[in-house]
Amino acid sequence: MPIVVETLDNGTARLGIGSGMTIYEAAGLKADLLRAVAEHPELDIDLSEVAELDTAGLQLLVLAKREAVKAGHVLRLSGHSGPVREVLGLYRMESYFGDPVVLPAD
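The sections below set out a description of the structure shown in this document. In this numbering scheme, every chain counts its residues from 1 along its sequence in written order. In view of the model being predicted, local features appear only for residues whose pLDDT reaches at least 70, and side-chain atom pairs are presented and counted only at 80 or more, with totals across whole chains, interfaces and linings using the full set of residues. Only hydrogens and water are set aside; all other atoms, that is, all heavy atoms of the structure, feed into the side-chain values.

### Brief notes about the sheet that holds strand β3 (residues 42-46)
Rule in force here: At least two DSSP bridges between two strands are needed for those strands to be called paired. Strands are runs of DSSP state E lasting at least two residues, helices are runs of H or I lasting at least four, and both sets are numbered from the N terminus onward. Lines fitted to C-alpha atoms define the axes here, with helix axes fitted over just the stretch in contact, and angles between the N-to-C directions of these axes take values from 0 to 180 degrees.
Strand order in this open sheet of four strands is β1-β2-β3-β4, and the pairing throughout is mixed. Two strands bound the open sheet, and with one partner strand each, they are β1 (3-7) and β4 (74-78). Neighbour-to-neighbour, the strand axes of the sheet open up by a mean angle of 20°, direction not taken into account. The pairing of β1 with strand β2 (residues 13-17) spans five bridges and is classified as antiparallel. When the bridges of β2 are listed, I3 appears paired with I17.

This is how it looks when you write it as structure tokens:
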């Protein structure tokens, strides 16, 4: 499971998920995601390369947000891919995360 964490100039860490977030990847993603949340007081999760998201992946995002809030950390979602926007909209979870969802012009 390709997860890449980089630190930006402003000190925010950006985590990129480079594949699907489904039940098949959830177990492998969980530990890395929670470690990143614990290690970085400000974390941006870039979802632009997520090709698939199901309820297991959505549960991981909810868990990451909950753990970040519990630790007093900031977690933002960005670069919402089409599949991510679709699932967040289906479950009306956009406001839960509180991040702007940018819709493409096409």
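### Description of helix α2 (residues 55-71)
Where we set the bar: Multiply 1.5 Å by the residue count of a helix minus one, and that product is the helix's expected span. Throughout this description, buried means an accessible area under 20% of the type-specific maximum (1.4 Å probe, protein chains only), exposed means over 50%, and partly exposed covers the range between. In what follows, a contact means two residues having at least one pair of non-hydrogen atoms within 4.5 Å. For this analysis, a polar contact is any N or O atom pair within 3.5 Å, provided that within protein one partner can donate a hydrogen and the other can accept it, and provided that sequence-adjacent residues contribute only side-chain to side-chain pairs.
The terminal C-alpha atoms of α2, which comprises 17 residues, lie 24 Å apart, in line with the 24 Å expected from a rise of 1.5 Å per residue. Where α2 is concerned, the buried positions are A56, G57, L58, L60, L61, L63, A64, K65 and A68. Here the buried face of α2 lies against α1 (23-39), β4, α3 (82-90) and α4 (94-97). The distance from a side-chain oxygen at the start of α2 to the backbone nitrogen of A56 is 3.0 Å, and the residue carrying that oxygen is D54.

### Describing the pairing of β2
Where a strand is regular, its side chains alternate between the two sheet faces. Applicable threshold: For a crossover, the right-handed case is the one in which the path from the first strand over the helix to the second runs clockwise, viewed with the strands pointing away from the viewer.
By the alternation rule, side chains of β2 split into A13, L15 and I17, which are all buried, and R14 and G16, of which none is buried. The loop that links β1 with its antiparallel partner β2 comprises five residues; one of these, G11, has a positive phi angle of about 90°. Bridge count for β2 against β3 is four bridges, and the pairing is parallel. Looking at the pairing, R14 lines up with D44 of β3. Of the crossover connections in this fold, the one passing from β2 over α1 to the parallel β3 is right-handed.

### Quick notes on the environment of L88
The residue L88 is located in helix α3 in this model. Accessibility expressed as a relative area gives 2% for L88, which makes it buried. Sequence separation between L88 and E49 is 39 residues; the distance between their C-alpha atoms is 16 Å. In this structure L88 touches L58, H80, M93, E94 and F97, once residues within four positions along its chain are discounted.

### Let's talk about the packing of aromatic side chains
The relation between two aromatic rings is expressed through the spacing of the ring centres and the mutual angle of the planes. The condition is simple: Each Phe, Tyr or Trp ring (for Trp, its six-membered ring) is paired with any other whose centre lies within 6.5 Å, and the angle between the two planes then decides the class: stacked below 30 degrees, edge-to-face above 60, tilted in between.
Under the defined criterion, the tally for this structure stands at one aromatic pair. Geometrically, the ring pair formed by Y96 and F97 is edge-to-face, given 5.0 Å between the ring centres and 85° between the ring planes.

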